[in-house]
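Inside the fold
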Amino acid sequence: MLKRLLVILALLLPALPAAAQHMDPVLADPKLEARAHEISREIRCLVCQNQSIEDSNAPLAADLRRIVRERLAAGDSDRAVRDYLVARYGDWVLLKPRFNVQNLLLWLGPALFLLIGGAIVAGLYLRQRRAGAVTAAAPLDAAEQQRLAALLAETAPADDAREAR
(Lines give C-alpha, C1' and ligand atoms only; values in the text may rest on other atoms or scores of the structure.)
Protein backbone atom coordinates (compact mmCIF):
# COMPACT_ATOMS: atom_id res chain seq x y z
CA MET A 1 0.00 0.00 0.00
CA LEU A 2 2.81 2.40 0.93
CA LYS A 3 4.63 1.56 -2.30
CA ARG A 4 1.54 2.44 -4.38
CA LEU A 5 1.19 5.74 -2.55
CA LEU A 6 4.85 6.58 -3.18
CA VAL A 7 4.50 5.70 -6.88
CA ILE A 8 1.43 7.93 -7.18
CA LEU A 9 3.22 10.79 -5.43
CA ALA A 10 6.27 10.32 -7.66
CA LEU A 11 4.05 10.50 -10.74
CA LEU A 12 2.30 13.66 -9.51
CA LEU A 13 5.54 15.44 -8.55
CA PRO A 14 6.25 16.86 -12.05
CA ALA A 15 2.75 18.42 -12.09
CA LEU A 16 3.42 20.63 -9.05
CA PRO A 17 4.92 23.60 -10.96
CA ALA A 18 1.89 23.68 -13.26
CA ALA A 19 -0.42 23.72 -10.28
CA ALA A 20 1.55 26.58 -8.73
CA GLN A 21 0.96 28.92 -11.69
CA HIS A 22 -2.18 30.94 -11.51
CA MET A 23 -3.99 32.08 -14.61
CA ASP A 24 -4.77 35.70 -15.31
CA PRO A 25 -8.46 36.55 -15.32
CA VAL A 26 -9.85 36.39 -18.84
CA LEU A 27 -12.10 39.06 -20.30
CA ALA A 28 -15.59 37.90 -21.22
CA ASP A 29 -15.39 39.39 -24.71
CA PRO A 30 -13.02 37.31 -26.91
CA LYS A 31 -12.19 40.36 -29.06
CA LEU A 32 -11.12 42.34 -25.99
CA GLU A 33 -9.10 39.37 -24.78
CA ALA A 34 -7.34 39.13 -28.17
CA ARG A 35 -6.57 42.87 -28.00
CA ALA A 36 -5.21 42.41 -24.46
CA HIS A 37 -2.88 39.65 -25.67
CA GLU A 38 -1.73 41.79 -28.61
CA ILE A 39 -0.96 44.78 -26.38
CA SER A 40 0.74 42.53 -23.82
CA ARG A 41 3.14 41.31 -26.53
CA GLU A 42 4.24 44.92 -27.13
CA ILE A 43 4.85 45.85 -23.47
CA ARG A 44 8.21 45.09 -21.84
CA CYS A 45 8.36 43.32 -18.51
CA LEU A 46 10.13 45.77 -16.23
CA VAL A 47 11.64 42.92 -14.23
CA CYS A 48 12.72 40.57 -17.05
CA GLN A 49 13.60 43.47 -19.39
CA ASN A 50 13.85 41.46 -22.62
CA GLN A 51 10.50 39.71 -22.37
CA SER A 52 7.04 40.95 -23.03
CA ILE A 53 4.54 40.91 -20.18
CA GLU A 54 2.71 38.27 -22.22
CA ASP A 55 5.65 35.87 -21.87
CA SER A 56 6.79 36.78 -18.36
CA ASN A 57 5.78 35.06 -15.13
CA ALA A 58 6.97 37.91 -12.91
CA PRO A 59 4.39 39.34 -10.49
CA LEU A 60 4.85 42.82 -11.96
CA ALA A 61 4.10 41.45 -15.44
CA ALA A 62 0.88 39.92 -14.09
CA ASP A 63 -0.02 43.33 -12.62
CA LEU A 64 0.64 45.01 -15.97
CA ARG A 65 -1.51 42.40 -17.79
CA ARG A 66 -4.27 43.11 -15.27
CA ILE A 67 -3.96 46.88 -15.91
CA VAL A 68 -4.17 46.28 -19.67
CA ARG A 69 -7.35 44.23 -19.24
CA GLU A 70 -8.88 46.79 -16.87
CA ARG A 71 -8.19 49.66 -19.28
CA LEU A 72 -9.63 47.72 -22.22
CA ALA A 73 -12.72 46.76 -20.20
CA ALA A 74 -13.15 50.46 -19.33
CA GLY A 75 -13.36 51.23 -23.06
CA ASP A 76 -9.85 52.56 -23.77
CA SER A 77 -8.39 52.14 -27.24
CA ASP A 78 -5.19 50.18 -27.78
CA ARG A 79 -3.29 53.44 -28.19
CA ALA A 80 -4.80 54.87 -25.00
CA VAL A 81 -3.69 51.77 -23.06
CA ARG A 82 -0.13 52.08 -24.41
CA ASP A 83 -0.12 55.83 -23.70
CA TYR A 84 -1.27 55.17 -20.13
CA LEU A 85 1.56 52.67 -19.55
CA VAL A 86 4.13 55.00 -21.16
CA ALA A 87 2.93 57.90 -19.00
CA ARG A 88 3.27 55.72 -15.92
CA TYR A 89 6.52 53.83 -16.71
CA GLY A 90 8.21 55.80 -19.51
CA ASP A 91 9.03 54.96 -23.14
CA TRP A 92 11.22 52.10 -22.01
CA VAL A 93 8.11 50.01 -21.26
CA LEU A 94 7.51 49.61 -25.01
CA LEU A 95 9.36 46.73 -26.66
CA LYS A 96 9.29 48.69 -29.94
CA PRO A 97 10.14 52.30 -29.08
CA ARG A 98 8.22 55.11 -30.72
CA PHE A 99 9.85 57.31 -33.34
CA ASN A 100 10.31 60.73 -31.75
CA VAL A 101 13.02 63.35 -31.19
CA GLN A 102 14.17 61.80 -27.92
CA ASN A 103 15.05 58.46 -29.50
CA LEU A 104 15.93 59.70 -32.99
CA LEU A 105 19.49 58.39 -32.66
CA LEU A 106 18.12 54.98 -31.70
CA TRP A 107 16.20 54.77 -34.97
CA LEU A 108 18.66 56.52 -37.28
CA GLY A 109 21.86 55.34 -35.57
CA PRO A 110 22.29 52.10 -37.54
CA ALA A 111 21.90 53.93 -40.87
CA LEU A 112 24.23 56.69 -39.67
CA PHE A 113 26.90 54.17 -38.62
CA LEU A 114 26.51 52.37 -41.96
CA LEU A 115 27.04 55.63 -43.87
CA ILE A 116 30.07 56.59 -41.76
CA GLY A 117 31.56 53.11 -42.16
CA GLY A 118 30.96 53.20 -45.92
CA ALA A 119 32.65 56.60 -46.16
CA ILE A 120 35.67 55.31 -44.20
CA VAL A 121 35.97 52.20 -46.37
CA ALA A 122 35.63 54.25 -49.56
CA GLY A 123 38.27 56.71 -48.33
CA LEU A 124 40.70 53.92 -47.46
CA TYR A 125 40.09 52.26 -50.82
CA LEU A 126 40.73 55.48 -52.74
CA ARG A 127 43.86 56.23 -50.70
CA GLN A 128 45.23 52.75 -51.35
CA ARG A 129 44.40 52.99 -55.02
CA ARG A 130 46.19 56.33 -55.34
CA ALA A 131 49.24 55.07 -53.44
CA GLY A 132 49.44 51.91 -55.53
CA ALA A 133 49.02 53.64 -58.87
CA VAL A 134 52.20 53.41 -60.93
CA THR A 135 53.09 56.46 -62.92
CA ALA A 136 54.54 55.90 -66.36
CA ALA A 137 58.32 56.27 -66.39
CA ALA A 138 59.94 58.67 -68.81
CA PRO A 139 61.48 56.98 -71.82
CA LEU A 140 65.20 56.20 -71.66
CA ASP A 141 67.57 58.56 -73.39
CA ALA A 142 70.33 57.26 -75.69
CA ALA A 143 72.99 56.96 -72.95
CA GLU A 144 70.63 54.99 -70.66
CA GLN A 145 69.69 52.65 -73.53
CA GLN A 146 73.38 51.92 -74.22
CA ARG A 147 74.06 51.24 -70.54
CA LEU A 148 71.03 48.89 -70.37
CA ALA A 149 72.22 47.00 -73.46
CA ALA A 150 75.69 46.61 -71.90
CA LEU A 151 74.26 45.25 -68.66
CA LEU A 152 72.08 42.80 -70.50
CA ALA A 153 75.03 41.64 -72.59
CA GLU A 154 77.15 41.01 -69.47
CA THR A 155 74.48 38.89 -67.79
CA ALA A 156 73.41 36.96 -70.89
CA PRO A 157 76.39 34.49 -70.97
CA ALA A 158 76.01 33.80 -67.23
CA ASP A 159 72.33 32.97 -67.72
CA ASP A 160 73.19 30.63 -70.63
CA ALA A 161 75.77 28.82 -68.45
CA ARG A 162 73.23 28.28 -65.69
CA GLU A 163 70.68 26.88 -68.09
CA ALA A 164 73.22 24.42 -69.46
CA ARG A 165 73.77 22.85 -66.08
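On a predicted model such as this, the values are computed, not experimentally measured, just so you know.

What counts and how
- Residues numbered from 1 in each chain as written.
- Predicted model: local features only at pLDDT ≥ 70, side-chain atom pairs only at ≥ 80, totals over all residues.
- Heavy atoms only, no water.
- Helix = DSSP H or I, 4+ residues; strand = E, 2+ residues; numbered from the N terminus.
- Buried < 20%, exposed > 50% of the residue type's maximum accessible area, 1.4 Å probe, protein only.
- Contact = heavy atoms within 4.5 Å.
- Areas by Shrake-Rupley, 256 points an atom, 1.4 Å probe, with all protein chains shown as cover.
- Patch = residues over 30% accessible without salt bridge, like charges linked within 9 Å, V, L, I, M, F, W, Y side chains within 5 Å.
- Salt bridge = Lys/Arg side-chain N within 4 Å of Asp/Glu carboxyl O.
- Core = buried A, V, L, I, M, F, W, Y, C linked by side-chain atoms within 4.5 Å.
- Axes fitted to C-alpha atoms, helices over the stretch in contact; angles between N-to-C directions.
- Parallel < 35°, antiparallel > 145°, perpendicular 65-115°, else oblique.
- Left-handed = near helix turned anticlockwise from the far one by under 90°.
- Nonpolar A, V, L, I, M, F, W, Y, C, P; charged D, E, K, R; others polar.
- Phe/Tyr/Trp six-rings, centres within 6.5 Å; stacked < 30°, edge-to-face > 60°.
- Lys NZ or Arg CZ within 6 Å of the ring centre and 35° of its normal.
- Expected span 1.5 Å × (residues − 1).
- Bend = angle between axes of the 7 residues up to and from the residue.
- Disulfide = S-S within 2.5 Å.
- 1 Å grid on protein atoms, 1.4 Å probe; cavity = no way out; pocket = protein on both sides within 12 Å on 5 of 7 lines; lining within 4 Å.
- Points joined across faces, edges and corners; volume = space filled by probe spheres on them.

Let us look at the overall build of the chain. Helix and strand content of the chain: 7 helices and 0 strands. Mapped in sequence order, the helices and strands of the chain form the string α-α-α-α-α-α-α. Per-residue burial over the chain gives 19% buried out of 165 residues. Long-range contacts, defined here as pairs at least 24 residues apart, represent 43% of the contacts in the chain between residues at least 6 apart. Carbon and sulfur atoms make up 64% of the accessible area of the chain, which totals about 13000 Å².

Attention now goes to a nonpolar patch on the surface. Where nonpolar side chains cluster on the molecular surface, the patch consists of Leu-105, Leu-112, Phe-113, Ile-116, Ile-120 and Leu-124 and spans about 640 Å² of accessible area. With respect to the helices, strands and loops of the structure, Ile-120 is situated in helix H6 (residues 104-132).

Let's shift gears to the nonpolar core. In terms of nonpolar packing, the biggest core is built from 18 residues, with Ile-43, Ile-53, Val-68, Leu-72 and Leu-85 touching the most fellow members. Among the secondary structure elements, those contributing two or more residues to this core are helix H3 (30-42), helix H4 (59-73) and helix H5 (78-89). It is H4 that contributes the most residues to this core, 5 residues altogether. Leave out the neighbours within four places in its chain, and Leu-85 touches Ile-43, Leu-64, Ile-67, Val-68, Gly-90 and Val-93.

The next point concerns the packing of H3 against H5. Viewed as axis vectors pointing N to C, H3 and H5 meet at an angle of 40°, and their least axial separation amounts to 11 Å. Between H3 and H5, the angle falls in the class oblique. Handedness of the H3/H5 crossing: right-handed. Every residue of H5 that contacts H3 at Arg-35, Ile-39 and Glu-42 is listed here: Asp-78, Val-81 and Arg-82. A class-by-class count of the residues in the contact of H3 with H5 yields 2 nonpolar, no polar and 4 charged.

On to the packing of aromatic side chains, then. According to the stated counting rule, one finds 0 aromatic pairs in the structure shown. Above the plane of the ring of Trp-92 lies Arg-44, whose end atom (NZ or CZ) is 4.5 Å from the centre.

As for its position among the elements, Asp-76 is in the loop between H4 and H5. The exposure class of Asp-76 is buried, given its relative accessible area of 19%. In this structure, Asp-76 is in contact with Arg-35, Arg-71 and Val-81, ignoring residues within four places of it in sequence.

As a further point, take H6. For H6, spanning 29 residues, the distance from its first C-alpha to its last is 41 Å, which sits close to the expected 42 Å at 1.5 Å a residue. Where H6 bends most, the angle comes to about 35°, and this point is Pro-110.

The next point concerns the pattern of salt bridges. If you walk through the whole model with that rule in mind, you get 6 salt bridges. Across the pair Arg-66 and Glu-70 runs a salt bridge whose closest N-O atoms are separated by 2.8 Å. Residue Arg-66 and its partner Glu-70 are located together in helix H4, separated by 4 residues, close to a single helical turn.

Now for the state of the cysteines. The full count for this structure, using the stated rule, is 0 disulfides. Distance from the sulfur of Cys-45, which forms no disulfide, to the nearest cysteine sulfur (Cys-48) is 3.4 Å. On the basis of relative accessibility, which here comes to 0%, the residue Cys-45 falls in the buried class.

As a further point, take the layout of surface pockets. The calculated volume of the second largest pocket comes to roughly 180 Å³. Taken together, Glu-42, Arg-79, Arg-82, Leu-94, Leu-95, Lys-96, Pro-97 and Arg-98 make up the full set of residues lining the second largest pocket. Class assignment for the residues of the lining of the second largest pocket results in 3 nonpolar, no polar and 5 charged.

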